[in-house]
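Given next are the chains, with one letter for each unit.
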Amino acid sequence: MDTLIIGSGFAGSVVARVLAQRGEKVKIIEKRDHIGGNCYDEYDEYGVLVHKYGPHIFHTNNKEVYDFLSRFTKWYDYRHEVVGNVYGKIIPIPFNLNTLMIVFGQEKGERLKQELIDAYGENARVPILELQKNPSQGIQEVAQYVYENIFLKYTMKQWNQKPEEVDQSVTARVPVLISYDNRYFQDLYQGMPLEGYTKLFENMLNHENIEIELNKDAKEDLSFDMQTHQVYYQGQLWQGKIIFTGAIDDFFDHCLGRLPYRSLRFEYEHYPEDHYQSHGVVNYTVSEDFTRITEFKYLTGQEISGTTIVKEYPEIYRNETQVPYYAILSPENLMMYQKYVDYVKPFSHFYLLGRLAQYKYYNIDGIVEEALKLVKTL
């Protein structure tokens, strides 16, 4: 065995495949009973293909990433559109020129549209906190509506923080879009794996040089000598590479502190009708305790009677019985994370990769890109 990989999500699986193709013997150690990380999908008892850990939609402008994943799947041509339920009114999200006309009416909307175009240009994506800084009275009115009805309460539900306290890398993901494009993403390549994410992972990991061990906590077999900076695997000196994709603080028993995350709770419901709602995702930006409802048949294009939805409830991450989904980025938390980075730095063949291991927000394409970059350096 040349390389141990902890975790079988996109980070670990991409590295495993590329190294295996180079002729390296790779072993993936996965704590869960399935591959695919949080992108794992499965058929529920009604035959509907659902995402067990919340919806994942692929999109990218990176041709290398798209071409790599296309080796392991064909694509369902899905263009993600999201709407918001604002006190019963359904509006496109991100807030765009169509939303503008619905909220302010055609006559006033046209006037505000021209102000936005003059200030930012057509097709611009303007973060709401930047929009609020504009002195124009009309743009201030737009900014206030978006902030109050789309951004403020949704953000506080999702993060349990005021928007001003949330890291800019997160708030920039909720822009005002100065176009009539209702798509949630404007990337060149977008869609869903035709047979699902799990099938994509099965194809990616189907290689004679890849061994997978499920239901295994890597901590049981790995030990780190902080004096000699040697790693031991199953009691034997390990001199190969280790690619770690999990929560770094948990792996080292929170020896330098517990990194904060947001978790999610999912409630699945099935209905006999063909569709429950008008779009794949409806955000509940002002009311309800859940942030959004996802209806999977829109995402997958599956033709089957009945439909399954999931309601998404953000939670404080308290312990390992939950899933840590989102790093809470703050100067204090990043300082603690850096202590863990420094802690493992003396182990020269130990690499951190992924949302949890790098304490960072990644889309699917972002982590595939990072994985491909890493293997180029190994």
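Anything mentioned here points back to the structure above.
A quick note: this is a predicted structure, and the numbers were derived from the prediction, not measured.

With that settled, the discussion passes to the nonpolar core. Soluble, globular proteins show a tendency: their nonpolar side chains are buried together. Core analysis: the biggest nonpolar cluster contains 39 residues, and F10, V15, F68, L69 and V368 have the highest contact counts within it. Secondary structure elements with two or more residues in this core: α1 (10-21), β2 (26-29), α2 (63-70), α8 (197-204) and α12 (364-377). Top contributing element to this core by residue count: α1, with eight residues. Among all residues touching V368, those that are not within four sequence positions of it are F10, V14, V65, F68 and L69. In terms of nonpolar packing, the next biggest core, distinct from the first, is built from 32 residues, Y233, A247, L329 and L356 among them.

Two elements in contact, α2 and α12, have axes whose closest approach is 9 Å; the angle formed by their N-to-C orientations is 90 degrees. Between α2 and α12, the crossing angle belongs to the class labelled roughly perpendicular. Counting all contacts with α2, which are made through E64, V65, F68 and L69, the residues of α12 involved are D365, V368, E369, L372 and K376. The residue inventory of the contact of α2 with α12, partitioned by class, reads five nonpolar, no polar and four charged.

Turning our attention to the side chain of T73. Note on placement: T73 falls in the loop between α2 and β6 (75-76). Taking the relative accessible area as the measure of exposure, T73 reaches 13% and is therefore buried. Ignoring anything within four residues of it in the chain, the contact list for T73 reads P193, L194 and L200.

For the rest of this paragraph, the subject is the packing of aromatic side chains. Under the criterion given, the structure shown has 32 aromatic pairs. Between F224 and F350, the ring centres sit 5.4 Å apart and the planes meet at 90 degrees, which makes this aromatic pair edge-to-face. Here the residue F224 occupies a position in strand β13 (residues 222-225), and F350 occupies one in strand β22 (residues 350-352), the gap between them amounting to 126 residues. By relative accessible area, F350 is classed as buried at 9%. Aromatic side chains Y325 and Y326 sit 6.4 Å apart centroid to centroid with 45 degrees between the ring planes, which places their arrangement in the tilted category.

What follows deals with the environment of Q140. Here Q140 lies in helix α6 (residues 137-159). Along the primary structure Q140 and Q358 are separated by 218 residues, whereas in three dimensions their C-alpha atoms are 37 Å apart. Filtering out sequence-adjacent residues up to four positions away, Q140 remains in contact with L131, Q132, K133, N134 and P135. At 2.6 Å, the side chain of Q140 and the backbone oxygen of N134 are in polar contact.

Oppositely charged side chains can form a pair if their charged atoms are brought close together. Summed over the entire model, instances satisfying the criterion amount to 23 salt bridges. With a closest N to O distance of 2.9 Å, E312 and R292 form a salt bridge. One end of the pair, E312, is in strand β20 (residues 307-316); the other, R292, is in strand β19 (residues 292-295), with 20 residues separating them in the sequence. Here E312 and R292 have matching classes, each one buried. Overlapping salt bridges, with partners in common, bring together K31, K219, D250 and D253 in one network.

To continue, consider empty space enclosed by the protein. One water molecule sets the probe size; rolling that probe over the atoms shows where empty space is left. A full pass over the atoms with the stated rule returns two cavities of 30 Å³ or more. Among the residues forming the lining of the largest cavity, the class breakdown is five nonpolar, no polar and two charged. Here the second largest cavity defines a volume of roughly 30 Å³. Looking at the second largest cavity, the residues that line it are A247, D249, D250, H254, R258, L259, Y261, Y317 and E320. Taken together, the residues that form the lining of the second largest cavity break down as four nonpolar, one polar and four charged.

The rules behind each value
Residues numbered from 1 in each chain as written. Predicted model: local features only at pLDDT ≥ 70, side-chain atom pairs only at ≥ 80, totals over all residues. Heavy atoms only, no water. Core = buried A, V, L, I, M, F, W, Y, C linked by side-chain atoms within 4.5 Å. Buried < 20%, exposed > 50% of the residue type's maximum accessible area, 1.4 Å probe, protein only. Helix = DSSP H or I, 4+ residues; strand = E, 2+ residues; numbered from the N terminus. Contact = heavy atoms within 4.5 Å. Axes fitted to C-alpha atoms, helices over the stretch in contact; angles between N-to-C directions. Parallel < 35°, antiparallel > 145°, perpendicular 65-115°, else oblique. Nonpolar A, V, L, I, M, F, W, Y, C, P; charged D, E, K, R; others polar. Phe/Tyr/Trp six-rings, centres within 6.5 Å; stacked < 30°, edge-to-face > 60°. Polar contact = N/O pair within 3.5 Å; in protein donor to acceptor, adjacent residues only side chain to side chain. Salt bridge = Lys/Arg side-chain N within 4 Å of Asp/Glu carboxyl O. 1 Å grid on protein atoms, 1.4 Å probe; cavity = no way out; pocket = protein on both sides within 12 Å on 5 of 7 lines; lining within 4 Å. Points joined across faces, edges and corners; volume = space filled by probe spheres on them.

Without other data, these values stay purely geometric and don't point to any function.
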